[in-house]
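# Examination of the molecular architecture
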Amino acid sequence: MADVPHLLEIAKSSAVEAGKAIMEVYRSGDFSASIKSDHSPLTKADRCAHSIILDHLNKTGLPVLSEEGKNIVYSERKLWEYFWLTDPLDGTKEFISKNDEFTVNIALMHKNSPSGGVIYGPCSETLYVGSKETGAYKNEKGKLTQFSALQNRRQYNDLLHIEHLAIVASRSHQSPETTTFINRFTNATVTSMGSSLKFMLLLENRADIYPRWGTTMEWDTAAAHAILNACNRGVYHTNLKSELMYNKPDLRNPPFVAF
């Protein structure tokens, strides 16, 4: 068994240090942006954050699967029991747009599920951490807030009866399917936001549901998924019967609904 609290302490340190490097690039305005083969942007900040995180996480002896790392074949990674799954800069489009809505995501994975997560918002200096062992909490510039776990998991039908439902959706990757889903609800307010901060609105009870169609990758959701699980919340397939699984042959996520 892995010492999850100890490993999350290492992840926290690496996320904060990576966040400081990201902010140096952010303030400099020299993003040195390029376009990757999947047509997503890559900046100097992505590369710096990846290097810092890798230096920290490699000391744990666990394998690291990173958005900015080398491709690791499924035949190798399917044998991993514990590993790290990280997005060094989630919300690169938001970073380039300079709207402050980007994060560092680091998840501790156990086989096909997230067992611990760290999300750091460099602009607000806010660190979110969650696991079954530690519970979920945030540290915002030294102010600690512990989140209470739901006594019973919310059911989708519960959301249908909320008088003023708060929905959070992607700022840069809206899709017709997501719009169709949102239109099922009457008297709903919709907030658009970038990166894994959308999930954290659920954690803080500032949103009720986050639906997502369109492409996301496992490193986009795993850390947030672990933090939500620590509060008895989930990230579900759109059939609402099971939660997302990880370390698949194809690292793309299916559409999901988080609440």
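Everything numeric in this text was worked out from a predicted model, so none of it was measured. (Residues numbered from 1 in each chain as written. Predicted model: local features only at pLDDT ≥ 70, side-chain atom pairs only at ≥ 80, totals over all residues. Heavy atoms only, no water.)

If you walk through the whole model with that rule in mind, you get 13 aromatic pairs. With centroids separated by 4.9 Å and ring planes inclined at 75°, the aromatic side chains of Phe199 and Tyr210 adopt a geometry described as edge-to-face. With Phe199 in helix H7 (residues 197-203) and Tyr210 in strand S12 (residues 210-212), the pair connects residues that are 11 residues apart, well separated along the chain. Accessibility assignment for this pair places Phe199 and Tyr210 in one class, buried. Residues Tyr236 and Phe259 carry aromatic rings whose centres are separated by 4.8 Å and whose planes lie at 25° to one another, so their mutual orientation is stacked. Of this pair, Tyr236 sits in strand S13 (residues 235-237) while Phe259 sits in the segment after strand S14 (256-258); the two residues are 23 residues apart in sequence, bridging distant segments of the chain. Note on Tyr236: relative accessible area 9%, which makes it buried. Assessed through its relative accessible area of 4%, Phe259 is described here as buried. Taken together, the ring pairs in this structure connect Tyr26, Phe31, Phe95 and Phe102 into an aromatic cluster. The lysine or arginine in question, Lys98, covers the ring of Tyr26, its NZ or CZ lying 5.0 Å from the ring centre. (Phe/Tyr/Trp six-rings, centres within 6.5 Å; stacked < 30°, edge-to-face > 60°. Helix = DSSP H or I, 4+ residues; strand = E, 2+ residues; numbered from the N terminus. Buried < 20%, exposed > 50% of the residue type's maximum accessible area, 1.4 Å probe, protein only. Lys NZ or Arg CZ within 6 Å of the ring centre and 35° of its normal.)

Moving on, we come to the sheet that holds S13. Spatial strand order, S12-S14-S13: 3 strands in an open sheet with antiparallel pairing. With partners counted over all chains shown, the strands left at the sheet margins are S12 and S13, one partner each. If you compare each strand with its neighbour and ignore which way they point, the axes differ by 20° on average. Sheet analysis places S12 next to S14, joined by 3 bridges and oriented antiparallel. When the bridges of S14 are listed, Arg212 appears paired with Phe256. (Pairing = 2+ DSSP bridges. Axes fitted to C-alpha atoms, helices over the stretch in contact; angles between N-to-C directions.)

With 13 residues, helix H8 (residues 218-230) extends 18 Å between its outermost C-alpha atoms, agreeing within 8% with the 18 Å of an ideal straight helix rising 1.5 Å per residue. In terms of residue burial, H8 counts as a mostly covered element, since 13 of its 13 residues are buried. With its phi angle positive at about 65°, Asn232 sits one or two positions after the end of H8. (Expected span 1.5 Å × (residues − 1).)

As a further point, take the pairing of strand S8 (residues 135-140). Relative to S8, strand S7 (residues 126-131) runs antiparallel, the two sharing 6 bridges. Following the sheet pairing, Tyr128 is matched in S8 by Lys138. Where S8 meets strand S9 (residues 143-147), 5 bridges bridge the pair, whose relative direction is antiparallel. Its bridge partner being in S9, Tyr137 is matched across the sheet by Gln146. The antiparallel hairpin formed by S8 and S9 contains 2 residues in its connecting segment, where Lys141 sits at a positive phi of about 50°.

This brings us to the pairing of strand S6 (residues 113-121). Counted residue by residue, S6 has 8 buried out of 9 residues, so it is predominantly covered. Note that strand S5 (residues 103-110) and S6 share 7 bridges and pair antiparallel. Bridging across to S6, Ile106 finds its partner in Val118. The turn linking S5 back onto S6 is made up of 2 residues, and Lys111 within it adopts a positive phi angle of 55°. Connecting S6 to the antiparallel partner S7 that follows it, the hairpin turn spans 4 residues, and Glu125 within it adopts a positive phi of roughly 55°.

Counting 36 residues, the largest nonpolar core has Leu85, Phe199, Met200 and Leu203 as the members making the most contacts within it. Among the elements of the structure, strand S4 (82-90), S5, H7, H8 and S14 are those that each provide at least two residues to this core. With near-sequence residues (within four places) excluded, Met200 lies in contact with Ile119, Tyr128, Ala224 and Ile227. (Core = buried A, V, L, I, M, F, W, Y, C linked by side-chain atoms within 4.5 Å. Contact = heavy atoms within 4.5 Å.)

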